[in-house]
Amino acid sequence: MENYGNYQSNNYEGYDDLRMFPDESPLITGIKGFCGAVVGAIPGMLLWIILGKLGYIAVVCGILLAFGSVFGYNFMTKKGNLPMGAGIAICLGVLIVAVFFAEKIVWCWELTDIFNEMIPQWRAEINSLAAEYGDTMSASEISSLFDELMLEEYGFTEADFSTCFYNFGDLLETLEVKSDFTFSLVKSYICGIAGAAVSFKYFK
């Protein structure tokens, strides 16, 4: 009977408390933790975008984003065994990427609004200049000329969100606002770090 007990103990070594399933590998736990951190960060990221569109950057967004990331990570890894340092690195990585994309989305949204407001005005100005100087070009030719100028200067002829998002880096260079975006991003990271400092005390 004693031998049977030893066999049973050795046989179940490495299994969970219920002695039904083997322990998760660190890789699986890490993947699950990453997915949980990403999903948990989404509400804070959405709030960040909404408030950013209104012209605000709030520490509460960083707190919500970081706390959601930590909560999602903890929820998905409670049956695993991953070093705390790896978990913190995962959550910080998700936080950094989420803040960057949230800020980029806010800026692309603003750029889209600006271009949609200015492009009709630029078209009207070119038509007025053509009429003033008695240009014999037709309306379609003037429109084609404007499209060529837009394509040469900005890389597109009509601005929508996806266009601004795809050409974001070039637009920052062309409009000479790259330093402004960098400064805004630094402020956003400060808010995110402040949120992380509050949230990581709940890290398990």
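Residues numbered from 1 in each chain as written. Predicted model: local features only at pLDDT ≥ 70, side-chain atom pairs only at ≥ 80, totals over all residues. Heavy atoms only, no water.

### With respect to the overall build of the protein
Under the convention used in this document: Strands here mean DSSP runs of E at least two residues long; helices mean DSSP runs of H or I at least four residues long; both are numbered from the N terminus. Partly exposed describes any residue whose relative accessible area lies between the buried limit of under 20% and the exposed limit of over 50%, with all areas from a 1.4 Å probe on protein chains only and scaled to the type maximum. Only heavy atoms matter for contacts: two residues are in contact if any of them lie within 4.5 Å across the pair. What sets the accessible areas is the Shrake-Rupley method with a 1.4 Å probe; for residues, cover comes only from the shown protein chains.
Along the protein, the regular secondary structure elements total eight helices and zero strands. Each of the 204 residues in the protein was classed as buried or not, and the buried ones make up 33%. Within the protein, residue pairs in contact and separated by at least 24 positions form 73% of the contacts whose partners lie at least 6 positions apart. About 12800 Å² of surface is accessible on the protein, with carbon and sulfur atoms providing 64% of the total.

### Focus: the environment of G52
With respect to the element layout, G52 can be found in helix 2 (residues 26-53). Sequence separation between G52 and A102 is 50 residues, and the spatial gap between their C-alpha atoms is 8.5 Å.

### Quick notes on a nonpolar patch on the surface
Counted only if it meets this: Patch membership needs two things, relative accessible area over 30% and no salt bridge, and members are linked within 9 Å if like-charged or within 5 Å if nonpolar (Val, Leu, Ile, Met, Phe, Trp, Tyr). The rule for a salt bridge is simple: a side-chain nitrogen of Lys or Arg has to be within 4 Å of a carboxyl oxygen of Asp or Glu.
Together, L27, I28 and I31 line one region of the surface with nonpolar side chains, adding up to about 290 Å² of accessible area. For I28, the location among the structural elements is in helix 2. The exposure class of I28 is partly exposed, given its relative accessible area of 41%.

### So, the nonpolar core
In plain terms, the rule: Grouping buried Ala, Val, Leu, Ile, Met, Phe, Trp, Tyr and Cys residues that are joined through side-chain atoms within 4.5 Å yields what is termed a nonpolar core.
Within the largest apolar cluster, 22 residues are counted, with the highest numbers of intra-cluster contacts made by A37, M45, W48, I49, L65, Y73 and L95. Contributing elements (two or more residues each) for this core: helix 2, helix 3 (59-76), helix 4 (84-132) and helix 8 (178-199). Residue contributions to this core peak at nine residues, all from helix 4. Every residue in contact with L95, bar those within four places of it in the chain, is listed here: L65, A66, G192 and A196.

### Some words on the packing of aromatic side chains
Applied cut-off: Only centres within 6.5 Å qualify two rings of Phe, Tyr or Trp (six-membered ring in Trp) as a pair; their planes then separate them into stacked at under 30 degrees, edge-to-face at over 60, and tilted for everything else.
Applying the stated rule across the entire model yields 12 aromatic pairs. Ring centres of F115 and W122 lie 6.3 Å apart, and the angle between their planes is 80 degrees; on these two criteria the pair is classed as edge-to-face. For W122, a relative accessible area of 24% corresponds to the partly exposed category. Centroid distance F115 to Y154: 5.1 Å. Interplanar angle 80 degrees. Geometry classified as edge-to-face. Here F115, found in helix 4, pairs with Y154, found in helix 5 (residues 139-154); they are 39 residues apart in sequence, far enough to count as distant.

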